[in-house]
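Residues per chain are reported as follows:
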Amino acid sequence: MVQAPHRTTIVDVARHAGVSTKTVSRVLNGQPHVTEDIIRRVREAAAAVNYHPNMLARALVQRRSHLIGLVYENPSPSYVVDLQKGVLERLRDDHYRLVVIPIASISEHEADVIGLLRSAALDGVVLAPPASDSARIMADLTAASIRFARIAPTRLIDAGPSNLIDDVSAAREIAAHVIGLGHRDIAIITGDPTHASAEARMQGFAEAFAAAGITVAPDRVATGFYTYDSGHAAARTLLTRAERPTAILAQNDDMAVGALTAALEMGLSVPGDLSITGFDDSEVARIAWPAITTVRQPVFDMAVAAADMVVAQLQDRPPVMCLNHGHQLIVRQSTGPVRSS
């Protein structure tokens, strides 16, 4: 008869660390009043004996699932990866697991989100745009006693713990950069109109144009959906007009790279014939050639902070209610001075 393998328990961890099982339990459950030396010894012992907590047993005892959800809609792969990496980084040394919950369209399925989250038995949830701006979702979460924190909301800032970026200021800065290069005939590819960020970034562009005395005609604005394909299609439309713009401001990096591809397909040089900018500083902006001038939005840091806000609530600690994260203009090879006629 084959003998079942021995399952490592906290007794083994306690013996290896030279402490009591109660102390091991306190360390593993993140309880206070334990010295740093003891915490280090217990964690090293747990690694040495290959101890992994029984999450199901812990959930039954504590009546918690120890699952944190991440709700997002943005289809940009780089953006989503940064979100996931940030949440996972915060949960790495804790006893929570990440459940990724992509929603095809928050605006169309807003009423169904809470049912999905309930069925997943989540203890808490991180809301990324546009869910982070949904009053309905936040009200439903509060009614269901599911803790939440938000990434980059632009509305109802006091409705729950939030991580903010000034989209208006960031968009104004990158538009001013292009204007400073001499461009006056500038086109725009907006993001998904159901995302509040698209409106905020458009406001920033408009403020920069007004300050420079520039008027943008309606036929210089095309709607995208934060995807490569929508950016490519929008750019084809903008660049086939009789009077071609000398610059395109795209409201995210995926659309900017789509615009870059369209321009190169049409035989245009970037930035010689056309300057292009993005927004976010996702990986695709860095690996494209020419690399994309953009605004760095610290998505990873915002996700780390949002996950910490959720964990703080679950551990009965007061969370930070609002964190403002800075942006940075990143000038790369996709923008240059307007070519003289």
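Look above for the structure.
Structure report, in brief. (Residues numbered from 1 in each chain as written. Predicted model: local features only at pLDDT ≥ 70, side-chain atom pairs only at ≥ 80, totals over all residues. Heavy atoms only, no water.)

### Points about the pattern of salt bridges
Here's step 1: Within the structure shown, the criterion is met by 17 salt bridges.
Here's step 2: Ionic pairing is found between R92 and E89, a salt bridge with its closest N-O pair at 3.0 Å.
Here's step 3: Looking at R92, the relative accessible area reads 54%, which means it is exposed.
Here's step 4: Across the pair R136 and D140 runs a salt bridge whose closest N-O atoms are separated by 3.1 Å. Of this pair, R136 and D140 are both found in helix α8 (residues 135–143), 4 residues apart, which corresponds to roughly one turn of the helix.
Here's step 5: Taken together, the shared-partner salt bridges in this structure form one network comprising D37, R40, R41 and E44. (Salt bridge = Lys/Arg side-chain N within 4 Å of Asp/Glu carboxyl O. Buried < 20%, exposed > 50% of the residue type's maximum accessible area, 1.4 Å probe, protein only. Helix = DSSP H or I, 4+ residues; strand = E, 2+ residues; numbered from the N terminus.)

### Some words on the packing of aromatic side chains
Here's step 1: All told, the structure shown has 0 aromatic pairs when counted by the stated rule.
Here's step 2: We note R201 situated over the ring of F279; from NZ or CZ to the ring centre the distance is 3.7 Å. (Phe/Tyr/Trp six-rings, centres within 6.5 Å; stacked < 30°, edge-to-face > 60°. Lys NZ or Arg CZ within 6 Å of the ring centre and 35° of its normal.)

### Brief notes about helix α2 (residues 21–28)
Each turn of an α-helix holds 3.6 residues, which means side chains three or four residues apart point in the same direction.
Here's step 1: Those residues of α2 that sit buried are V24, V27 and L28. Across the axial projection of α2, the buried residues extend over an arc of 90°, all falling on one side. (Arc of directions from axis to C-beta.)

### Focus on helix α11 (residues 228–239)
Here's step 1: For α11, which comprises 12 residues, the first-to-last C-alpha distance of 16 Å matches the rise-based estimate of 16 Å (1.5 Å per residue) to within 8%.
Here's step 2: All of the buried residues along α11 are S230, G231, H232, A234, A235, L238 and L239.
Here's step 3: If you follow the buried residues of α11, they end up packed against β6 (186–190), β7 (221–223), β8 (247–250) and α12 (253–265). (Expected span 1.5 Å × (residues − 1). Contact = heavy atoms within 4.5 Å.)

### Remarks on the sheet that holds strand β9 (residues 275–277)
Within a sheet, each strand pairs with its neighbour through backbone hydrogen bonds, oriented either parallel or antiparallel.
Here's step 1: What the 4 strands build is an open sheet, ordered β7-β6-β8-β9; its pairing is parallel. Either end of the sheet is taken by a strand with one partner, and the two such strands are β7 and β9. Averaged over all pairs of adjacent strands, the angle between their axes in this sheet comes to 15°, without regard to strand direction.
Here's step 2: In the packing of helix α9 (residues 167–180) onto the sheet, contacts are made with β6, β8 and β9, and the angle to β8 comes to roughly 175°. (Pairing = 2+ DSSP bridges. Axes fitted to C-alpha atoms, helices over the stretch in contact; angles between N-to-C directions.)

### Regarding the sheet that holds strand β1 (residues 67–72)
Here's step 1: Pairing in this open sheet of 6 strands is parallel, and the strands run β2-β1-β3-β4-β5-β11 from one edge to the other. Of all the strands in the sheet, the pair left with one neighbour each is β2 (97–102) and β11 (322–324). On average, each strand axis in the sheet is tilted by 15° relative to the strand beside it, whichever way the strands run.
Here's step 2: Pairing of strand β4 (residues 147–151) with strand β5 (residues 162–164) involves 2 bridges; the strand directions are parallel. Bridge assignment links R150 to a residue of β5, and that residue is S162.
Here's step 3: In this fold helix α14 (residues 299–314) packs onto β1, β3 (124–127), β4, β5 and β11, with an angle of close to 165° to the strand it touches most, β4.

### Topic: unusual backbone geometry
Here's step 1: Geometrically, the link from V270 to P271 is a cis peptide bond, its omega value of 15° lying close to zero.
Here's step 2: The residue after W289, namely P290, is reached through a cis peptide bond having omega -5°.
Here's step 3: Along the polypeptide, P290 turns up in the loop between α13 (283–287) and β10 (294–296).
Here's step 4: Backbone geometry places S145, a non-glycine residue, at a positive phi of 60°.
Here's step 5: By the secondary structure assignment, S145 is in the loop between α8 and β4.
Here's step 6: For S145, a relative accessible area of 52% gives the class exposed.
Here's step 7: One non-glycine residue, Y226, lies in the positive phi region at around 65°.
Here's step 8: Tracing the backbone through its elements, the reader meets Y226 in the loop between β7 and α11.

### Here's the deal with the environment of A135
Here's step 1: Along the chain, A135 falls in helix α8.
Here's step 2: Sequence separation between A135 and L156 is 21 residues, and the spatial gap between their C-alpha atoms is 7.7 Å.

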